Amino acid sequence: MLGLTLLLAAVAATATATGYIDGREYVYAYKGVMYTGYPRMKPQYSGTAFENNIIIQPHGDYALIKVVNIKRTRFNDEFENVARHPFDYQDIPDGPLHKPFKVYRKNGIVTHFEVTKGEPAFSVNVKRGLIALFNLNFDEAEAAISTEDNDIQKPDPDRHYYKVYEKGVLGDCETAYVIEHHPFHKSPHNNIVLNVTKVRNYHKCNSNPNQVYGTFYGHECGRAEHEKSHTLHGNAQYKYNIRGYRHNYVIEKIYAVGEIAYTPYPLEGQTVAAKMK
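Since the structure is predicted, the reported quantities are computational estimates derived from the model, not experimental observations.

How each quantity is defined
Residues numbered from 1 in each chain as written. Predicted model: local features only at pLDDT ≥ 70, side-chain atom pairs only at ≥ 80, totals over all residues. Heavy atoms only, no water. Salt bridge = Lys/Arg side-chain N within 4 Å of Asp/Glu carboxyl O. Buried < 20%, exposed > 50% of the residue type's maximum accessible area, 1.4 Å probe, protein only. Helix = DSSP H or I, 4+ residues; strand = E, 2+ residues; numbered from the N terminus. Pairing = 2+ DSSP bridges.

Chemist: So what exactly am I meant to see when it comes to the pattern of salt bridges here?
Modeler: Pairing is possible between side chains that carry opposite charge, provided their charged atoms lie close to one another. Taken as a whole and judged by the stated rule, the model has 6 salt bridges. Here K127 and E119 are joined by a salt bridge, their closest N and O atoms 2.6 Å apart. Side by side, K127 and E119 carry an identical accessibility label, which is buried. One salt bridge connects K198 with E166, and the closest N-O pair in it is separated by 3.5 Å. Remark: E166 occurs in strand 7 (residues 161-168) and K198 occurs in strand 9 (residues 193-205); sequence separation between them is 32 residues. On the basis of relative accessible area, K198 is assigned to the buried category, the value being 1%. Each of K163, E174 and K204 takes part in salt bridges that share partners, so that together they form one network.

Below you can see the structure in the form of structure tokens.
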């Protein structure tokens, strides 16, 4: 079993209900932990934890983003709760991760981004994962046909629950949106908020970028669906606290957790877990 969990928290420093404003600077605190382990054997995990600040500067059709104050630590030990452990971080010297980059969004969805020429792949992938957290599909774009069940949903601007297909690390997968309104009781003014929960279902994907090679494929054949042994499981959940409306807002906080689990021998085998929080 392979499990992956991601946790992100971000707080805007100059957020207002008027949306992101050109010329202003928005500062987010960003921290998380990524780790692997064997949860059925003992609570020992190996991985890395990090924290930094993200600076966002809106400029018309794009935003300039820079990651600063990057700190990281690595660990391999037993923990009661690895996600809440007080790690001792070390500063990372200036490098590719510190270089600013441009992000282009349309209707809340990132269309593309630009990094420095020659930037290494690991830095590009880290930045790609970071900006993906800011994707919010309020227009129900790509609420299209699923190759599995030919399910079609018509967009509804007032809908509080809907499903779309969004691209992620495991392909173009079904993503469910739940939109609620829970204003903070101690803020009687300027209290127009959205509380959004987004859940990605990795079992319903229109495309899959993974290729498996080898003698064992880790998937037993079965005549009926309930007889099949599914060895790869995954999901991701995102929670957003937003100030404003669906098309005019500032994200105040994001909490994300995701998991991918792999069990090569589902009936008797052990589970390998890799998590990001």
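Chemist: Would you mind going over the pairing of strand 9 with me for this structure?
Modeler: Judged by how many residues are buried, strand 9 sits mostly within the fold: 10 of 13 residues are covered. Here strand 8 (residues 171-180) pairs with strand 9 via 8 bridges, running antiparallel. Bridged to E180 within strand 9 is N195.

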